[in-house]
Amino acid sequence: MIGSRVVVALAGFALLLAGCSAGGSEQAQGERTVTVLAAASLTESFDELAGRFEAENPGVRVQLDYAGSSTLVEQLTQGRRADVFASADTKNMDKASKAGVTGAEPQVFATNELTIAVPKGNPDHIASLADLNAPGRLVVQCAPQVPCGSAAQTVEQAAGLRINAASEENDVKSVLRKVTAGEADAGLVYVTDAKAAADQVQSVEFPESQRAINDYPIVSLKDAPEPELGARFLDYVRGPVGKEVLTAHGFGAE
Amino acid sequence: MPGVLWVPAALALALIVLPVLGLLTRVDPARLPALLTSSAAVDALDLSVRTSLVATVLSLVFGGPLAVVLARARLRGVRVLRAVVLLPLVLPPVVGGLALLYLLGRTGPLGGLLDDAGLRLPYTTAAVVLAQTFVAMPFLVVGLEGALRSADARYEQVAATLGAGPWLTFRRVTLPMLLPALGSSVVLTFARALGEFGATITFAGSLQGTTRTLPLAIYTTAQSDVDAAVAMSLLLVVLALLVIGLAGTKAVEGRA
């Protein structure tokens, strides 16, 4: 008696689950989707690239998901399926390769470097990395565990100093937000992030930034649902349009 | 009890227990001691326990009286007040953090005044305590207020007719009735403060030893070393279970 009730309840539960997944994968007839996982710092440039790619390829939708590179690698190793992965550093790309989720040799398509973001007008007259340690200065940077933080560590070593940060954030956008919100006097961010927020911050370049140039590798993934489309998008990013868009957003793209 | 209730009940329990067990499958016992004694883990645990204790005391000192006021005061608009008290429970913690930041941050109306006086809250341990108190205090208020409402107010009335003043009545009649509920509410408040994440990272920032509590350390560590993050997660789970189990069993059970 109870057994049959259990079966009914379980069946109901299964139906519920089936309903959820059916709703999630609903998609227009004939439309194909290429799924791209990209580092958060690529948000502005990849949004633009995806828009142009869709315009040139009718019936193709680019589904973009931005997150920290390490988060994306973790998702991929846990079985998430996608077509293309663009990382903000080679360290995380190596992790993906080692985990066996990449489908080819990753290729560097852009470079980025750090700059000091300060409020418009540079009220504290910050001109160098050393100025960040002036008494009373509120500086925010990335934690060493994330790419922008390990880049910060490298430039600090190159400059022979250690920045007394008030907070070590988990991503570069959080650092930028603290500066734009007026809660920090300066922050170490990527050139591209400072450029994206150019109406609120200005950047102070420093020579040591050349010692920590971040390579952005891109790769097509194993078990890609749309391998051919993925390859096409990857070529697009590495092609003339990609270079143009990436450069316009402040990346180095050779 | 209808037997069919066992099925959803078991599923509900599985939803809570299985993911926590899933954590265990990611732990490498050989690395565990090293991971748990790293300076990052020790600093975070130490900071978390200290700030959560202070937040719990603050919740008790300020939230306790608020609960009494909500339950006993004859006020217009008590319902609205109660809804306001519940707000931190339903708001995403990040919203709480932003709210604290825009009031008490350097550019906020109150924070600006503090800044002029040479006081800075964001990026300090005090900010962590404030964020934890903001999200955890409602547990104390709601728990106590519920107990006060279900407690029989006639005892207090009798005490009053026997000549006891409001303070004596509160001390000798109300407070003893509240003790079990007080226990469970304090435990819940402490446990919630221990797990606080969103408001802290938004308002207080994240710096080892100063503002990086255990939940923040788990988040940061997970960016580069998932095994270490899982080890710290386990630490937090064990700590929460200890708090709920040892301090709370009696108080959480029954009518409280």
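Each remark here, short or long, concerns the structure printed above.
Residues numbered from 1 in each chain as written. Chains lettered and ligands numbered in written order. Predicted model: local features only at pLDDT ≥ 70, side-chain atom pairs only at ≥ 80, totals over all residues. Heavy atoms only, no water.

1. Some words on the overall build of chain A
Summing up its helical and strand segments, chain A has nine helices and 10 strands in all. Out of the 254 residues in chain A, the part that is buried amounts to 46%. The long-range fraction of contacts in chain A, counting pairs at least 24 apart against all pairs at least 6 apart in sequence, stands at 77%. Entry remark: accessible area of chain A is about 11600 Å², with carbon and sulfur atoms responsible for 52%. (Helix = DSSP H or I, 4+ residues; strand = E, 2+ residues; numbered from the N terminus. Buried < 20%, exposed > 50% of the residue type's maximum accessible area, 1.4 Å probe, protein only. Contact = heavy atoms within 4.5 Å. Areas by Shrake-Rupley, 256 points an atom, 1.4 Å probe, with all protein chains shown as cover.)

2. What to know about the nonpolar core
L42, F46, F109 and I116 of chain A are the most contacted members of the largest nonpolar core, which has 62 residues in total. Beyond its immediate stretch of four places on either side in the chain, F46 of chain A contacts V36, A38, L64, Y66, A86, F109, I218, F233 and V237 of chain A. (Core = buried A, V, L, I, M, F, W, Y, C linked by side-chain atoms within 4.5 Å.)

3. Some thoughts on helix α7 (residues 125-150) of chain B
An α-helical turn contains 3.6 residues, so any two residues separated by three or four positions project in the same direction. Between its first and last C-alpha atoms α7 of chain B spans 38 Å; for 26 residues at 1.5 Å apiece the expected length is 38 Å, and the two agree. At V135 of chain B, α7 of chain B is deflected by roughly 35°, the largest bend along its length, and proline P138 of chain B occurs up to four residues later in sequence. (Expected span 1.5 Å × (residues − 1). Bend = angle between axes of the 7 residues up to and from the residue.)

4. Here's the deal with the interface of chain B and chain A
The partner chain A presents 27 residues to the 24 residues of chain B that form the contact. A combined buried area of about 2200 Å² lies between chain B and chain A, and 52% of that area is made up of carbon and sulfur atoms. One salt bridge in this structure joins E74 of chain A and R26 of chain B, with 3.6 Å as the shortest N-O distance. Our count for the chain B to chain A interface comes out at 11 residue pairs in polar contact (both at pLDDT 80 or more). Counted by class, the side of chain B that touches chain A contains 11 nonpolar, nine polar and four charged residues. (Buried area = accessible area lost by both parts, 1.4 Å probe. Salt bridge = Lys/Arg side-chain N within 4 Å of Asp/Glu carboxyl O. Polar contact = N/O pair within 3.5 Å; in protein donor to acceptor, adjacent residues only side chain to side chain. Nonpolar A, V, L, I, M, F, W, Y, C, P; charged D, E, K, R; others polar.)

5. Brief notes about the packing of helix α5 (residues 93-104) of chain B against helix α6 (residues 109-116) of chain B
Residues and elements named next belong to chain B. Their axes nearest at 4 Å, the elements α5 and α6 cross at an angle of 50°. In terms of axis orientation, α5 runs oblique to α6. Taken together, the residues of α6 that come into contact with α5 (itself represented by Y102, L103 and L104) are P109, L110, G111 and L114. Class assignment of the residues belonging to the contact of α5 with α6 gives a composition of six nonpolar, one polar and no charged. (Axes fitted to C-alpha atoms, helices over the stretch in contact; angles between N-to-C directions. Parallel < 35°, antiparallel > 145°, perpendicular 65-115°, else oblique.)

6. Notes on the environment of A40 of chain A
The residue A40 of chain A is located in the loop between β1 (32-39) and α2 (43-56) in this model. Excluding residues within four positions of it along the chain, A40 of chain A makes contact with Y66, A67 and K173 of chain A.

7. Focus on the sheet that holds strand β7 (residues 167-169) of chain A
Whether parallel or antiparallel, the strands of a sheet pair through hydrogen bonds between backbone atoms. Residues and elements named next belong to chain A. Spatially, β7-β6-β8-β5-β9 is the arrangement adopted by the five strands of the open sheet, whose pairing is mixed. Either end of the sheet is taken by a strand with one partner, and the two such strands are β7 and β9 (201-204). On average, each strand axis in the sheet is tilted by 35° relative to the strand beside it, whichever way the strands run. Here strand β6 (residues 139-142) runs beside strand β8 (residues 186-190); their pairing, made up of two bridges, is parallel. Note on β8: the bridge partner recorded for V140 is G187. In the packing of helix α6 (residues 172-180) onto the sheet, contacts are made with β5 (114-119), β6, β7, β8 and β9, and the angle to β8 comes to roughly 145°. (Pairing = 2+ DSSP bridges.)

8. A closer look at the pairing of β8 of chain A
Residues and elements named next belong to chain A. Across the five residues that make up β8, a large majority, five, are buried. Pairing analysis gives four bridges linking β5 to β8, with the strands arranged antiparallel. Counted as the bridge partner of A117 is G187 from β8.

9. Focus: the sheet that holds strand β3 (residues 84-86) of chain A
All names here are of chain A. Spatial strand order, β2-β1-β3-β10-β4: five strands in an open sheet with mixed pairing. Two strands in the sheet have a free side with no partner beyond their single neighbour: β2 (60-67) and β4 (107-112). Taking the axes of each pair of neighbouring strands and ignoring which way they run, one obtains an average angle of 20° across the sheet. Here three bridges tie β3 to strand β10 (residues 214-220), and the two strands are oriented antiparallel to one another. Its bridge partner being in β10, V84 is matched across the sheet by S220.

10. Observations concerning the pattern of salt bridges
This model, assessed by the stated rule, comprises 23 salt bridges over all chains. Put simply, R52 of chain A and E48 of chain A hold a salt bridge, and the shortest N to O gap is 3.9 Å. With a gap of four residues between them, R52 of chain A and E48 of chain A both fall in helix α2, about one helical turn apart. Among the residues examined, R52 of chain A registers a relative accessible area of 28% and is labelled partly exposed. A salt bridge links D185 of chain A to R106 of chain B, with the nearest nitrogen and oxygen atoms 2.9 Å apart. One end of the pair, D185 of chain A, is in the loop between α6 and β8; the other, R106 of chain B, is in the loop between α5 and α6, on a second chain. On the basis of relative accessibility, which here comes to 10%, the residue D185 of chain A falls in the buried class. Owing to a relative accessible area of 23%, R106 of chain B belongs among the partly exposed residues under this scheme. Taken together, the shared-partner salt bridges connect E74 of chain A together with R26, R31, D225 and D227 of chain B into one network.

11. Some words on the packing of helix α3 (residues 39-72) of chain B against α7 of chain B
Residue and element names in this part refer to chain B. At a closest axis distance of 6 Å, the pairing of α3 and α7 adopts a crossing angle of 40°. By the angle between their axes, α3 is oblique relative to α7. Helix-helix and strand crossings are classified by hand; for α3 and α7 the assignment is right-handed. A class-by-class count of the residues in the contact of α3 with α7 yields 19 nonpolar, eight polar and three charged. (Left-handed = near helix turned anticlockwise from the far one by under 90°.)

12. Quick notes on α3 of chain B
Between its terminal C-alpha atoms α3 of chain B stretches 48 Å, which fits the 50 Å expected from 34 residues at 1.5 Å a residue. At G63 of chain B, α3 of chain B shows its largest bend, some 35°, and a proline, P65 of chain B, comes one to four positions later.

13. Looking at the side chain of S45 of chain A
Residue and element names in this part refer to chain A. Here S45 shows up in helix α2. For S45, a relative accessible area of 1% translates into the label buried. Dropping the residues within four chain positions of it, S45 is found in contact with V245, L246, H249 and F251.

14. Things to note about the packing of aromatic side chains
Residues and elements named next belong to chain A. The tally for this structure, following the rule as stated, stands at eight aromatic pairs over all chains. Between F109 and Y216, the ring centres sit 6.3 Å apart and the planes meet at 85°, which makes this aromatic pair edge-to-face. Of the two residues, F109 is situated in strand β4 and Y216 in strand β10; the sequence distance between them amounts to 107 residues. When its relative accessible area of 6% is taken as the criterion, F109 is described as buried. A connected cluster of aromatic rings, assembled from ring pairs, spans F46, F53, F109, Y216, F233, Y236 and F251. (Phe/Tyr/Trp six-rings, centres within 6.5 Å; stacked < 30°, edge-to-face > 60°.)

Keep in mind these values describe shape, not function.
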